[in-house]
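A closer look at the structure
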Amino acid sequence: QVQLVESGGGLVQPGGSLRLSCAASGSIITIGTMGWYRQAPGKQRELVADITSGDSTNYADSVKGRFTISRDNAKNTVYLQMNSLKPEDTAVYYCNARVLPTRQRQFVSYWGQGTQVTVSS
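Below, the structure is looked at part by part.

The backbone phi angle of S84 is positive, close to 50°, even though this residue is not glycine. By the secondary structure assignment, S84 is in the loop between β8 (77–82) and β9 (91–101). A relative accessible area of 42% means that S84 is categorised as partly exposed.

Following the criterion strictly, the structure yields 4 salt bridges and no others. E46 is paired through a salt bridge with R38; the nearest N and O atoms lie 2.8 Å apart. We classify R38 as buried; its relative accessible area is 6%. Of the charged contacts, one joins R66 and D89 as a salt bridge, the two residues approaching to 2.8 Å between their closest N and O atoms.

On a regular strand, each side chain points to the face opposite its neighbour's, so the side chains alternate between the two faces of the sheet. Burial of β9 is extensive: 9 of the 11 residues sit out of reach of the surface. Summarising the sheet, strand β4 (residues 28–39) and β9 pair through 9 bridges and their orientation is antiparallel. Bridging from a neighbouring strand, I28 pairs with P101 of β9. Pairing of β9 with strand β11 (residues 115–119) involves 3 bridges; the strand directions are antiparallel. Note that in β11 the partner of Y93 across the bridge is T115. Direction of pairing for β9 relative to strand β10 (residues 108–111): antiparallel, over a ladder of 4 bridges. When the sheet's bridge partners are listed, V99 is paired in β10 with V108. Counted along the chain from β9 to the antiparallel partner β10, the turn is 6 residues long, and its residue R103 has a positive phi close to 65°.

With that settled, consider the state of the cysteines. If you walk through the whole model with that rule in mind, you get 1 disulfide. In this model, C22 is linked to C95 through a disulfide, with the two sulfur atoms separated by 2.1 Å. Between C22 and C95 the sulfur-sulfur dihedral comes to about -80°; the bridge is accordingly left-handed. A residue pair is termed long-range when its members are at least 10 positions apart, and C22 in strand β3 (residues 18–26) and C95 in strand β9 qualify at 73 residues. Neither C22 nor C95 differs from the other in exposure class; each is buried.

Sheet architecture is open: 4 strands sit in the order β1-β3-β8-β7, paired in antiparallel fashion. What marks the edges here is a single partner per strand, and that holds for β1 (2–7) and β7 (67–72). Going from strand to strand, the sheet's axes swing by 15° on average, the running direction of each strand aside. Bridging between β7 and β8 involves 6 bridges; their strand directions are antiparallel. Considered in β8, the bridge of F67 is made with M82.

Cut-off values and rules
Residues numbered from 1 in each chain as written. Predicted model: local features only at pLDDT ≥ 70, side-chain atom pairs only at ≥ 80, totals over all residues. Heavy atoms only, no water. Helix = DSSP H or I, 4+ residues; strand = E, 2+ residues; numbered from the N terminus. Buried < 20%, exposed > 50% of the residue type's maximum accessible area, 1.4 Å probe, protein only. Salt bridge = Lys/Arg side-chain N within 4 Å of Asp/Glu carboxyl O. Pairing = 2+ DSSP bridges. Disulfide = S-S within 2.5 Å. Axes fitted to C-alpha atoms, helices over the stretch in contact; angles between N-to-C directions.

Put into structure tokens, the structure is as follows:
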């Protein structure tokens, strides 16, 4: 079994910063692309940023220049540093990882449980 556990969400004022973390654990051979998605009330889940195993990154236009994704392969952990937060960044943030589990022959997509980020004064 593979689990993704997120942390770091919370309430922050506009212009503030938060850092999200997501650690993968379990029977893992290797991890491919890891990413962060978010879902605001009444909206579809959308990609925020992702990072390949080779550290190539991709960002949604709405967060470019404000958010930074990074990973620590030794810890099977992905981070999302969020700066200059805006009220429209308010959402539940979900971690995703494409994992090659032990005794499997192909990568499987796993999701975290989600962490709430609220940007409000």
